[in-house]
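Residue-level listing of the chains:
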Amino acid sequence: MVSKKMLSEYARLAVKIGVNVQKGQPLLINGPVEAFEFIRECVKVAYEAGASEVWVDYRDNNLQRMSFEHVETETLKEIPSWAIDRIKYRIDKKYCVLHVISDDPDLLEGIDSQKVFEVQMANMKASNQFQYYTMNNIGQWSIVAYPNRKWAKKVFPELSEDEAYDRLWDAIMSTSRVSEDGDVTKAWDEHNREVKVHSEKLNEFNFKSLHFENSLGTDLKVGLIRNHIWEGGADKTQGGVTFNPNIPTEEVFTMPDCYHIDGTVVSTKPLSYNGKLIDEFKLTFKDGKVIEYSAKTNEDVLKNMLDTDDGSRSLGEVALISYDSPISNSNILFYNTLFDENASCHLALGKCYPTNVKGGSDMTSEELHKLGGNDSMIHVDFMFGSRDMSVTGTTYDDKEVVVFADGNFVF
């Protein structure tokens, strides 16, 4: 079990470095009931930092499954007006948001995929204002993880439940750069500087496209939007407040041109989506859209995802991470996108981040889409990096530059 000191340090990381709550600013924490001790520490740190108010929304994975088992689809799809009003209230009050995730990768296995899809659609439509608020960096937001025993047992099936739980704690702390005798602020300052080296170099190249190839069958050319911006590590709100959206993070990412994506990509890690695992899947793109797909496991879940809306068959993000990186080198398959996406190059189906193009935050969705920025209700990252991945960038003067060789950055 993680020590009290480590838990306090993790809370400090989440609140002061993750969301970086400002004096007089309210904070919303979404988290699992199991994490109440950690969330209490986060609340304490937030008030010490000057937060005007901290609101906690607890959830329970077991209750979510029970509702899908016993409640009719139409009832689950009903979103009360007060829930919409609460979202608007939090946006108007400029809350920063800390998401404490603790997923069971198999939570909804055996539940009708169509039912899950319809309920998810209703919830996404209801919360689209908040998606805009966070993806445009109007307010700070951050995601951190908290272990649970079912998740731990999935990651470490050979261990007892208690041993697996402790191992998952160790893995979360290690990848988040939290230690008994370390300085978490110094560690993250150094890490953010290292991540920026790659994004600054990629911005200098100003590539027109990237070509991904490996022996598993990936052969994909991804066009990049004109005036794109590579980002990674710490980010800033439109008001200039620094925050770290993902803890942990190893990626640099930018915006694809959703009209110019062609070829095939093969997944290298399972994707946990809506309480189910999609595994060994393949997508083929033509002119920016998925035209063929297959999956060994839960293909129906993949289909529902791709059929969410007009933009769910195109890409909103392309991210680069060396195979030789801390989370990858841990040799742990987390069955959780927050961690697994930071062990592997990945792509995201769905909505783009407007901050990945110059002036994007000032554009309407229509203006951004006209330039090649994808729009959708979803943003789902999936992993396709490998030990033998090669990435070649093409500049606007048709010069080819090797970006990755044997799975790693060459610069």
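Let us look at the structure shown here.

Cut-off values and rules
Residues numbered from 1 in each chain as written. Predicted model: local features only at pLDDT ≥ 70, side-chain atom pairs only at ≥ 80, totals over all residues. Heavy atoms only, no water. Pairing = 2+ DSSP bridges. Helix = DSSP H or I, 4+ residues; strand = E, 2+ residues; numbered from the N terminus. Axes fitted to C-alpha atoms, helices over the stretch in contact; angles between N-to-C directions. Patch = residues over 30% accessible without salt bridge, like charges linked within 9 Å, V, L, I, M, F, W, Y side chains within 5 Å. Areas by Shrake-Rupley, 256 points an atom, 1.4 Å probe, with all protein chains shown as cover. Salt bridge = Lys/Arg side-chain N within 4 Å of Asp/Glu carboxyl O. Buried < 20%, exposed > 50% of the residue type's maximum accessible area, 1.4 Å probe, protein only. Parallel < 35°, antiparallel > 145°, perpendicular 65-115°, else oblique. Left-handed = near helix turned anticlockwise from the far one by under 90°. Contact = heavy atoms within 4.5 Å. Lys, Arg positive; Asp, Glu negative; His and termini not counted. Charge placed at Lys NZ, Arg CZ, Asp CG, Glu CD. Expected span 1.5 Å × (residues − 1).

Before going further, it helps to spend a moment on the sheet that holds strand β2 (residues 53-59). Here 4 strands make up an open sheet; going across it, the order is β2-β1-β3-β4 and the pairing parallel. Looking at strand neighbours, the two that pair on one side only are β2 and β4 (141-145), the edges of this open sheet. Each adjacent strand pair in this sheet contributes to an overall mean axis angle of 15°, direction not counted. Of the pairings in the sheet, the one linking strand β3 (residues 96-101) to β4 comprises 5 bridges and is parallel in character.

On the surface, a cluster of nonpolar side chains totalling about 250 Å² of accessible area is made up of V33, F36 and Y58. With respect to the helices, strands and loops of the structure, F36 is situated in helix α2 (residues 36-48). Judged by its relative accessible area of 36%, F36 falls in the partly exposed class.

Quick look at the sheet that holds strand β16 (residues 346-350) now. A sheet is described by the order of its strands in space; here 5 strands give the open sequence β7-β10-β15-β16-β17, paired in antiparallel fashion. The sheet is open, and its two edges are formed by β7 (231-232) and β17 (379-383), each paired on a single side.

This part is about the packing of helix α6 (residues 113-126) against helix α11 (residues 299-306). Running from amino to carboxyl end, α6 crosses α11 at an angle of 25°, the nearest separation of the two axes being 10 Å. With respect to each other, α6 and α11 are oriented roughly parallel. Helix-helix and strand crossings are classified by hand; for α6 and α11 the assignment is right-handed. Each of S113, Q114 and F117 in α6 lies in contact with α11, whose residues at this interface are D300, V301 and N304.

This paragraph deals with a negative patch on the surface. A contiguous patch of negative charge on the surface is contributed by D183, D189, E190 and E194. On the secondary structure map, D183 appears in the loop between α9 (161-175) and α10 (184-205).

Let us look at α2. A rise of 1.5 Å per residue sets the reference length of α2, with its 13 residues, at 18 Å; its end C-alpha atoms lie 18 Å apart and thus fit the reference within 8%. Downstream of α2 by one or two residues, G50 has phi in the positive range, about 105°.

Another aspect to go through is the pattern of salt bridges. Scanning all chains against the criterion turns up 15 salt bridges. Note that R149 is salt-bridged to D162, the shortest N-O span being 3.5 Å. Taken together, the positions of R149 in helix α8 (residues 149-155) and D162 in helix α9 put the pair 13 residues apart, joining distant regions of the chain. Taking the relative accessible area as the measure of exposure, D162 reaches 48% and is therefore partly exposed. Linking R313 and D307 is a salt bridge whose minimum nitrogen-to-oxygen distance equals 2.9 Å. On the accessibility criterion, D307 (33% relative accessible area) is partly exposed. It is possible to trace a salt-bridge network through shared partners that takes in E74, K77 and E118.

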